[in-house]
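# Topology and contacts: notes
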Amino acid sequence: MKSRYLLTTAAAFALAAWSSGASAAGKWDGADDLPTNPLACGAGAAETPVSKPYDGGQPTNPPNKAGKEITLVDVPKLIGIGYFNATSKGMQDAAKELGDVKVTTDGPTEAKIDEQIKFIDNYITSGVDGILFAANDPVAIAPVLKKALSKGIHVVGYDANSTPDAREWFVNQAEFNGIAKAMMDSMAKEIGEDGSFAIVTSTFTTPNQARWIAEMQAYAAKCHPKMHWLETVEAQEDNNLSFNQATTLINKYGDKLKGLFGMTSVATPASAEAVTKAGLCGKVAVVGLATPNAMKPYVHDGCVKSVVLWNPIDLGYAAVYVMRADVDGKLKPGDASVDAGKLGKLNVINGSEILLGPPFIYDKGNIDKFDF
Amino acid sequence: MTVAAQAPARKAPRWLARHETLLAVILLVALAGLGAFNERFLTIDNLLNQGRLMTEIGLIALPMTFVIITGGIDLSVGAIVGLCAIMLGYSWKTFGFPLPLAIVFSLFVGGLAGFVNGLVITRVKVPPLIMTIATLALYRGLAEGVSQAHSVRGYPEWFYFLGQGSVLGVPTQLLVLVVLVVVAGVALDRTTFGRTLYAIGSNETAARFSALNVDRAKLIVYTLSGLASALAAWVLVSRVTTTRMDMGQGYELDVIAAVVLGGTSIFGGSGTIWGTAIGLAMIQLLKNGLALTGVKGDATIVVIGAALILSVLVASSLQRRRD
Amino acid sequence: MSATAVAGAARARTGGLRRFASQEALLAVAVIGLAVVVGFINPRFLAYRNVADILLGNAYIAIAAVGMSMVIISGNIDISVGALIGVLATLSGSLAVAGAPTIVAWLVPVALGVLVMAAQGAVVAYLRIPAIVVTLGMMSILKGGLISVTGGKWITDLPQSFHLADLNVLGVPMPVVIMALATALAALWMRYSASGRAIYATGGNAEAARLCGVNPQRTVVMVFALHGLFAGIATLVYATQLRVIQSTTPPGLELTVITASVVGGVSILGGVGTVIGSTLAAILIAEITSALVFINISPYWTDALRGGLILATVIADIVRRRRRAARGWKK
């Protein structure tokens, strides 16, 4: 008996050792393997997006609600995190401005696609006019969204896309390669062109994070080839777990680790806290995506120089405006731009995506102006 | 335990003269109430759709009833769902199996996973709770390791028939579930196998001394639990058209809630498939009805938790009074 | 319950120190052995900083596992502890931010934890609803309720004095001190006090316990209340470590705590196990998590390996126990 399970444990270790060797060279852990499209190196280089023909889906015989009041539901990846609280607030702001839109935010308490599908399904049955979503999985969410379209319900996505044919429009906060460039350039500026860094992400199966890491790798290969990726760790969306993982990385690499990337609004403050607790403020850079409030203490301490994000309030705001324009017929397949209230005109890119704008960098100078 | 003497009486269902009837009444009352609040609730369309959505949990709840009747538990079912989903996609894409073979392979993996649970529980005598907590972690980890966090998508059209299609207006997977509910219910009520399960749950030592093959029965129910999880994985992948290593996360608690709500005692020795079916329907319809009435997700969770405690409380105190 | 369990419970009360020492010894050996092995591969693993961080970052799990072990030894289980800790952490942070004196922000959540758990214990003991049902339902209520009330808004701006976990006692960080104290006091109490031993008796064979003068119902309520106390203390360590409190349920926490108890040798059949075991197990599991990063195991396989190691430990524990029981009967 004893020898049997000793043998299996040994086999397990062998397997793991082999597989870790296999993944050592090649793509960074946590990246997906979709094609990448790195931007040009150097400051201010943003590629003009190629315009593609419209590739979104369309609702079947939607009732004509142009100019009339519409009821929308917003189903984010999960509720209960600052980021989606902010997008929800933006939506409420837009609804108040427009006056003829009612929007409710409702969703699962954990980022599970199965739960999210059930939420959307219930709202289809209760007959909303439009659904706004941020998908936990782009392919898995498609069947239920297509069902919504087939029942004449308008579907607009934001933050995390679905397959294009499952929604009419997708409000994209920033291009994946734009985020990747901003992150890598920020890190290079802080740790130098031959610095080593590690990545703290949520899970390897979160689509946006996986895309960003893949684009970061492509961009780094192109513009910062001497920078050295050490490893990527998963930390769910949990503060304590992220903190522990970041601490482990700091302890493991010691001086070799010059920078940490935080890929979620949970991972970044936790990494900053780990660096602070280890007394390495200023010696280990922390660059990542996060909401301002969580990062204020670290930015003020000088531990974190810049926080990359976009304005999620604006993202939610734009999503509602896009939905309203879509319902009113003011935004049609083939249009090149849409009017988004106080955000002005937003461009349509990639066929059916609406771009919010370039990534926004929060730093010591401006972070106090925001409260989310 | 005094239950041993009463076990023969409880096995032959005297036409649901107990917990199940009570539950069915509560279910009907809840249906009527929710239907009154919201006109879209009691439509055929909605009810059939709910049937479609509850199939994965329902399939797993059937052998879970068996498992709990024997006094055991299986917390690894959700992880087995994830593992089988991954294996389905992985063997199709990476091994190059033709899709039907891939499906069979994933069913085999599920059965094997359940079999391993049963083997260690019966041979090494690790208590089921402990064993399945450990395999919960192991199987989920295997799903992640094998898949390397990749999803497999792009299945041929016929594959989606199970999860998204309908036969004569009834969702395909719901038909499968109904058939299996009947099969499981008959197996439990009317076969020697079923009686063996009750005997094991009531008094395992006595069952052994009665020359019942306790170990084999346990092995069978845990294997069935793994198989049902694999079947649920197949339905799920067909329904959402992709595989993810985190599929099935949290299923174990939903399944146990349905089984326990249905009147199966967690201590073993009593319970029926019909009760489980009602418990399953009740939870699904309650969630749906609340959502349609405009109650948001977080409040719905609170109501479900309270409803679970209350129904078990009501049903068991009334039963005690009847006894 | 079966005859072997009664015998086990009896053995637990009488000079069973050697019997218990084995799983604890196995765990202690594993903790040290793993440290040595990984230390060879990457010496930084043994640096004071890393060892301290492993202990500090996971002390709250060990503390919560002390209470959970008591619950399991008494023959019950609790699935609501994760959600409860989430609620108590949010309460604690909210009180601190609202300007309440720090001591209030610390003590009120602990008191609430005791109350909530004791209530569950009462339902289990007196209304005779199985613990798994009550705590499953309560978990839902707490989880949903927490989001409903807070909307998931993070608590930032915590006052400096709030951070209990940052304090030191004679140079030893507070979380470690609390963990050690909680474990030691609980272990002593369960071994040497009548009410402590009543827990083993209730879990081993409630009927026999009753005949021996133990009140199983009161014992169960007491156990749950104590579990609430330790959950509250664990919350204090958990919530005061970082500068942000997520107002959500920490995902998977209840399973982690139960796993620590189970790996620590606490048997779900009741009547067996110690809190020393669960604390050592919590440390071991945290150590494994860190070790898997240190020795460059592919991150895609770390969870599988950890699961496999947990399984191996659990099987080893049962095999060892059965061998001992077999030898015991031969006498």
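Rules of the game
Residues numbered from 1 in each chain as written. Chains lettered and ligands numbered in written order. Predicted model: local features only at pLDDT ≥ 70, side-chain atom pairs only at ≥ 80, totals over all residues. Heavy atoms only, no water. Pairing = 2+ DSSP bridges. Helix = DSSP H or I, 4+ residues; strand = E, 2+ residues; numbered from the N terminus. Axes fitted to C-alpha atoms, helices over the stretch in contact; angles between N-to-C directions. Contact = heavy atoms within 4.5 Å. Buried < 20%, exposed > 50% of the residue type's maximum accessible area, 1.4 Å probe, protein only. Right-handed = clockwise from strand over helix to strand, strands pointing away. Salt bridge = Lys/Arg side-chain N within 4 Å of Asp/Glu carboxyl O. Phe/Tyr/Trp six-rings, centres within 6.5 Å; stacked < 30°, edge-to-face > 60°. Lys NZ or Arg CZ within 6 Å of the ring centre and 35° of its normal. pLDDT = per-residue confidence, 0-100. Expected span 1.5 Å × (residues − 1). Disulfide = S-S within 2.5 Å. Buried area = accessible area lost by both parts, 1.4 Å probe. Polar contact = N/O pair within 3.5 Å; in protein donor to acceptor, adjacent residues only side chain to side chain. Nonpolar A, V, L, I, M, F, W, Y, C, P; charged D, E, K, R; others polar.

### A few points about the sheet that holds strand β9 (residues 285–289) of chain A
Residue and element names in this part refer to chain A. Reading across from one edge, β7-β6-β8-β9-β10-β14 is the order of the six strands in this open sheet, with mixed pairing throughout. The outermost strands of the open sheet, each flanked by one partner alone, are β7 (228–234) and β14 (360–363). Pairwise comparison of adjacent strand axes, ignoring direction, gives a mean angle of 20° for this sheet. Both strand β8 (residues 259–262) and β9 contribute to a ladder of four bridges, which runs parallel. Of the residues in β9, the one forming a bridge with Leu260 is Val286. The sheet strands contacting helix α5 (residues 176–191) are β6 (196–201), β8, β9 and β10 (306–309), and the helix crosses β9 at an angle near 170°. Sheet strands in contact with helix α8 (residues 267–277) are β6, β8 and β9, and its direction is about 170° off that of β9.

### Describing the pairing of β8 of chain A
Within a regular beta strand, the side chains point alternately toward one face of the sheet and then the other, so they alternate between its two faces. Residues and elements named next belong to chain A. Burial along β8 is two-sided: Gly259 and Phe261 and Leu260 and Gly262, pointing in opposite directions, are all buried. Where β6 meets β8, four bridges bridge the pair, whose relative direction is parallel. Residue pairing in the sheet places Phe197 in a bridge with Gly259 of β8. Where the polypeptide runs from β8 across α8 and back to β9, its parallel neighbour, the crossover connection is right-handed.

### Observations regarding the interface of chain C and chain A
Taken together, the contact pairs 41 residues of chain C with 52 residues of chain A. Applying the counting criterion to the chain C and chain A interface returns four salt bridges.

### Remarks on the packing of aromatic side chains
Within this structure, the stated rule accounts for 24 aromatic pairs over all chains. Each ring, one from Tyr83 of chain A and one from Trp310 of chain A, has its centre 6.0 Å from the other, and the planes form 90°; the classification is edge-to-face. Here Tyr83 of chain A, found in helix α2 (residues 82–98), pairs with Trp310 of chain A, found in the loop between β10 and α10 (312–327); they are 227 residues apart in sequence, far enough to count as distant. Note on accessibility: Tyr83 of chain A and Trp310 of chain A belong to one class, buried. With centroids separated by 4.9 Å and ring planes inclined at 55°, the aromatic side chains of Tyr60 of chain C and Tyr238 of chain C adopt a geometry described as tilted. Note that Tyr60 of chain C is positioned in helix α3 (residues 48–73) and Tyr238 of chain C in helix α10 (residues 216–239), a separation of 178 residues in sequence. Tyr238 of chain C gets classed as buried once you look at its relative accessible area, which sits at 8%. Site record: aromatic cluster; members linked through ring pairs are Tyr83, Phe84, Phe176, Trp212 and Trp310 of chain A. Between the NZ or CZ atom of Arg211 of chain A and the centre of the ring of Phe176 of chain A, over which it lies, the distance is 5.7 Å.

### Description of the confidence of the model for chain C
All names here are of chain C. Taken residue by residue, chain C gives an average pLDDT of 87. The fraction at 70 or more is 91%. Of the regions scoring below 50 in pLDDT, residues 3–17 engages in twelve contacts with residues more than four places distant in sequence or in other chains. With a pTM of 0.90, the predicted complex shows an ipTM of 0.88.

### A short note on helix α7 (residues 128–147) of chain B
Residues and elements named next belong to chain B. In this model α7 runs 27 Å from its N-terminal to its C-terminal C-alpha over 20 residues, within 8% of the 28 Å that 1.5 Å per residue would give. Of all 20 residues in α7, 18 are buried, a share of seventy percent or more. Positive backbone phi, approximately 50°, marks Gln148, located one or two places after α7.

### Describing the state of the cysteines
All names here are of chain A. Using the criterion set out here, one finds two disulfides over all chains in the structure. One disulfide bridge connects Cys41 with Cys223, the sulfur atoms lying 1.8 Å from each other. Taking the sign of the torsion about the S-S bond as the criterion, the disulfide between Cys41 and Cys223, at about -85°, is left-handed. Residue Cys41 is found in the loop between α1 (2–24) and β1 (70–75), and its partner Cys223 is found in helix α6 (residues 207–223); the two are separated by 182 residues along the sequence. Taking relative accessible area as the criterion, Cys223 reaches 14% and is therefore assigned buried. Linked covalently through their sulfurs, Cys281 and Cys303 form a disulfide whose S-S length is 1.4 Å. For the disulfide bridge between Cys281 and Cys303, the dihedral angle about the S-S bond is near -95°, and by the sign convention the bridge is left-handed.

### A look at the interface of chain B and chain C
Every contact between the two is made by 41 residues of chain B and, on the other side, 39 residues of chain C. When chain B packs against chain C, the two sides together hide about 3400 Å² of surface, and 81% of this comes from carbon and sulfur. Taken together, chain B and chain C are joined by zero salt bridges. Counting every contact that joins chain B to chain C gives four residue pairs in polar contact (both at pLDDT 80 or more). Elements supplying a minimum of two residues to the side of chain B that touches chain C: α6 (99–124), α7, α13 (251–261) and α15 (297–322) of chain B. For the side of chain B that touches chain C, the element with the most residues is α7 of chain B, which contributes 14 residues. Its residues assigned to classes, the side of chain B that touches chain C shows 30 nonpolar, six polar and five charged.

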